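Listed below are the residues making up each chain.
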Amino acid sequence: MVLLVKLGQPVCSVGKIPPPGACRGFWGWLNAVFNKVDYERIQAVGPDRAASEWLLRCGALVRYQGYQKWQQDYSGLPTGPLGKYKIEAIDATESCIMYRGFDYLDGLEHVTEIKLQKCIYIQDECLQRLSETKSLQKSLLQLKIISCGNVTDKGIIALHKLMNLEYLYLSDLPGIRQKETTAHVLQQALPNLRLELDLE
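Owing to the predicted nature of the structure, the values given are computational and were not obtained by experimental measurement.

Looking at the sheet that holds strand β5 (residues 142-146)
Inference 1: Strand order in the open sheet formed by seven strands is β2-β1-β3-β4-β5-β6-β7, and the pairing between neighbours is mixed. Single-partner strands in this sheet number two, and they are β2 (70-71) and β7 (194-198).
Inference 2: Pairing of strand β4 (residues 113-117) with β5 involves five bridges; the strand directions are parallel. Within the sheet, the bridge partner assigned to E113 lies in β5 and is Q142.

Written out as structure tokens, the structure is:
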């Protein structure tokens, strides 16, 4: 705790007005810490449990195969035999997930849907990494990307490697400049894809 106090003192000391963006820098650092991959933890508890911990720590929700309820409480993560709870869906709305944590997605074999909404750290490299994840190439059926300001045409086109993707919803993505071309490229690569666009 001493470390946090010392780091926070110059930025947010009482009586001093922090320079613009200074507190934002601290939160960015903290979010990066939340996204640090613990490979030993993945080995110890399995990919689904480790990914659940990462996602909830970053403010996302998960739903397990065979369950309707979304898990949102880190302290309430279910316990049981190793590998009992398999992640089926991820809702990363307003979460702080970022590229550096995406190694947690490796080994998730049952994820059928992902929603990325208002994720300030999601960028093209994240979508490329997502589409290169072998297990997600097989399992992912639905993907929604909404109000992620750092996503461009390049990131959306990278999704062409998700060969079993059936539904893609794109909304409020100001970085998409060539929506017709991008849509055409995706439809050519994924002829069975239902693409829904709500872009300006």
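Observations concerning the nonpolar core
Inference 1: Residues L116, I122, L143, I145, I156, L159 and L168 are the most contacted members of the largest nonpolar core, which totals 51 residues.
Inference 2: Broken down by element, the residue count for this core peaks at five residues, all from helix α4 (residues 47-57).

Quick word on the pairing of strand β1 (residues 61-64)
Inference 1: Examined bridge by bridge, β1 and strand β3 (residues 87-91) share four bridges and lie antiparallel to one another. By the bridge assignment for β3, V62 is matched with I90.
Inference 2: In terms of strand pairing, β1 meets β2 through two bridges, oriented antiparallel. From the neighbouring strand, V62 faces β2, where its bridge partner is Q71.
Inference 3: Linking β1 to β2, which pair antiparallel, is a turn of five residues; within it G66 sits at a positive phi near 90°.

A few points about unusual backbone geometry
Inference 1: A positive phi is found at S147, a non-glycine position, where the angle reads about 55°.
Inference 2: Along the chain, S147 falls in the loop between β5 and α7 (153-157).
Inference 3: Although it is not a glycine, D172 sits at a positive phi angle of roughly 50°.
Inference 4: Mapped onto the fold, D172 is located in the loop between β6 (167-171) and α8 (179-189).

Things to note about the confidence of the model for the chain
Inference 1: When pLDDT is averaged along the chain, the result is 87; 84% of the residues meet or exceed 70.
Inference 2: Predicted confidence for residues 1-15 stays below pLDDT 50, and this span has eight contacts to residues more than four positions away or in other chains.
Inference 3: The low-confidence segment residues 18-23 (pLDDT under 50) makes five contacts with residues lying over four places distant or belonging to another chain.

Procedures and definitions
- The residue numbering used here restarts from 1 in each chain and proceeds along that chain's sequence as written.
- The predicted origin of the model limits local features to residues at a pLDDT of at least 70 and limits the giving and counting of side-chain atom pairs to 80 or more, whereas totals for whole chains, interfaces and linings rest on all residues.
- Computation of side-chain values: all heavy atoms of the structure, hydrogens and water removed.
- One bridge is not enough; two strands pair if DSSP finds at least two bridges between them.
- To qualify as a helix, a DSSP run of H or I must reach at least 4 residues; to qualify as a strand, a run of E must reach at least 2; elements of each kind are numbered from the N terminus.
- What we call a nonpolar core is a set of buried Ala, Val, Leu, Ile, Met, Phe, Trp, Tyr and Cys residues that are connected through their side-chain atoms within 4.5 Å.
- The cut-offs for exposure are 20% and 50% of the maximum accessible area for each residue type, with area from a 1.4 Å probe on protein chains only; residues under the lower value are buried, those over the upper are exposed, and the others partly exposed.
- Per residue, pLDDT captures the predictor's confidence, and it can take any value from 0 to 100.
- Note on contacts: a residue pair is in contact if any heavy atoms of the two residues lie within 4.5 Å.

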